[in-house]
Amino acid sequence: MKCPICGFEDTKVVDSRPTGDDSIRRRRECLSCRFRFTTYEYIEAGPIFVIKKDGSREIFDRNKIMTGLVKACYKRPVSNAQLDNIISEIESSVANSMRREISSSEIGSMVMDSLRKLDEVSYVRFASVYREFKDVDTFMKELKELKNSQLNPEKKNT
Ligand SMILES: [Zn+2]
């Protein structure tokens, strides 16, 4: 580790402790000018796991989510790049929160949030598969909520 002040190549670690969020904080001292500084070391991220409704876990699979999205957006003006972005956003939000797991229902709602902004037909298609609408009433209720959120775009609809 190079000293940020004098550029000397060697430092000693004077203190080292975990921060509680997957990183280790190290206090270092330059062996030449004795300047002290702090570094954070992060453990390299492994795979993200998806916790399914039945409690089982599987590795986060972009292709699997993509398949669902492509079906929902069939013949709709939504590009593959846009769908790719949706999945990347989910991945980075998990990574940024320093978690290694996400539930399938969290993925579902994140996808729905993004699709709703892109294309309403794709959104309703995806939602109908994902939410497993039991009957026409639940489906109509969802449509109504969609309409309301479009009339009041400022109102957060969760
Ligand atoms: Zn130095």
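Computed from a predicted model, the values in this text were never measured in an experiment. (Residues numbered from 1 in each chain as written. Predicted model: local features only at pLDDT ≥ 70, side-chain atom pairs only at ≥ 80, totals over all residues. Heavy atoms only, no water.)

So, on to the overall build of the chain. Each helix and strand counted, the chain has five helices and six strands in total. Counting from the amino terminus, helix and strand elements in the chain follow one another as β-β-β-β-β-α-α-β-α-α-α. At a minimum sequence separation of 6, the contacts of the chain that also span at least 24 residues come to 42%. Just so you have it, the chain exposes about 10,700 Å², and 53% of that area is on carbon and sulfur atoms. (Helix = DSSP H or I, 4+ residues; strand = E, 2+ residues; numbered from the N terminus. Contact = heavy atoms within 4.5 Å. Areas by Shrake-Rupley, 256 points an atom, 1.4 Å probe, with all protein chains shown as cover.)

Another point: the nonpolar core. Side chains of a nonpolar character, in soluble globular proteins, are inclined to be buried together. Of all hydrophobic cores here, the largest spans 24 residues; its most connected members are Phe60, Leu69, Leu83, Ile102, Ile107, Val111 and Leu115. Put simply, the parts of the chain that give this core at least two residues each are helix 1 (62-72), helix 2 (80-96), helix 3 (104-118) and helix 4 (120-130). Examining the composition of this core, we find that five residues originate from one element, helix 2, more than from any other. Ignoring sequence-local partners within four residues, the contact set of Ile107 consists of Val50, Phe60, Ile65, Ile90 and Ile102. (Core = buried A, V, L, I, M, F, W, Y, C linked by side-chain atoms within 4.5 Å. Buried < 20%, exposed > 50% of the residue type's maximum accessible area, 1.4 Å probe, protein only.)

Before going further, it helps to spend a moment on the coordination of the zinc ion. Listed as protein donors to the zinc ion are Cys3 (SG), Cys6 (SG), Cys30 (SG) and Cys33 (SG); their distances from the metal cover 2.2 to 2.4 Å. Taken together, the four donor atoms surrounding the zinc ion define angles of 106 to 117° at the centre, an arrangement classified as tetrahedral. When its relative accessible area of 39% is taken as the criterion, Cys6 is described as partly exposed. When its relative accessible area of 1% is taken as the criterion, Cys30 is described as buried. (Donors = N, O, S within 2.8 Å, 3.2 Å for Na, K, Ca; no water. Tetrahedral: all angles 85-135°; square planar, octahedral: opposite > 155°, others 65-115°.)

We now examine unusual backbone geometry. At Arg34, a position not held by glycine, the phi torsion is positive, near 65°. Turning to its location among the elements, Arg34 is positioned in the loop between strand 2 (23-30) and strand 3 (36-42). One non-glycine residue, Lys75, lies in positive phi territory at about 60°. Relative to the helices and strands, Lys75 is located in the loop between helix 1 and helix 2. The class of Lys75 is exposed, set by a relative accessible area of 70%.

Empty space within the largest pocket amounts to approximately 660 Å³. Along its surface, the largest pocket is lined by 21 residues, and Lys64, Ile65, Gly68, Phe126 and Tyr130 are the ones closest to its centre. For the lining of the largest pocket, the secondary-structure elements that each account for two or more residues are strand 5 (57-59), helix 1, helix 3 and helix 4. Here the element with the most residues in the lining of the largest pocket is helix 1; it accounts for six residues. (1 Å grid on protein atoms, 1.4 Å probe; cavity = no way out; pocket = protein on both sides within 12 Å on 5 of 7 lines; lining within 4 Å. Points joined across faces, edges and corners; volume = space filled by probe spheres on them.)

Should the charged atoms of two oppositely charged side chains come close, the side chains can pair. Overall, the coordinates contain 10 salt bridges when judged by the stated rule. Put simply, Glu101 and Arg57 hold a salt bridge, and the shortest N to O gap is 2.0 Å. Within this pair, whereas Glu101 is found in strand 6 (residues 101-103), its partner Arg57 is found in strand 5, the two being separated by 44 residues in sequence. What makes Glu101 partly exposed here is its relative accessible area of 31%. Ionic pairing is found between Arg62 and Glu91, a salt bridge with its closest N-O pair at 2.6 Å. Note that Arg62 is positioned in helix 1 and Glu91 in helix 2, a separation of 29 residues in sequence. According to the relative accessible area criterion, Arg62 is partly exposed, its value standing at 26%. Overall, Glu91 belongs to the partly exposed group, its relative accessible area being 24%. In the salt-bridge network here, residues are joined through shared partners; they are Glu29, Arg34 and Arg36. (Salt bridge = Lys/Arg side-chain N within 4 Å of Asp/Glu carboxyl O.)

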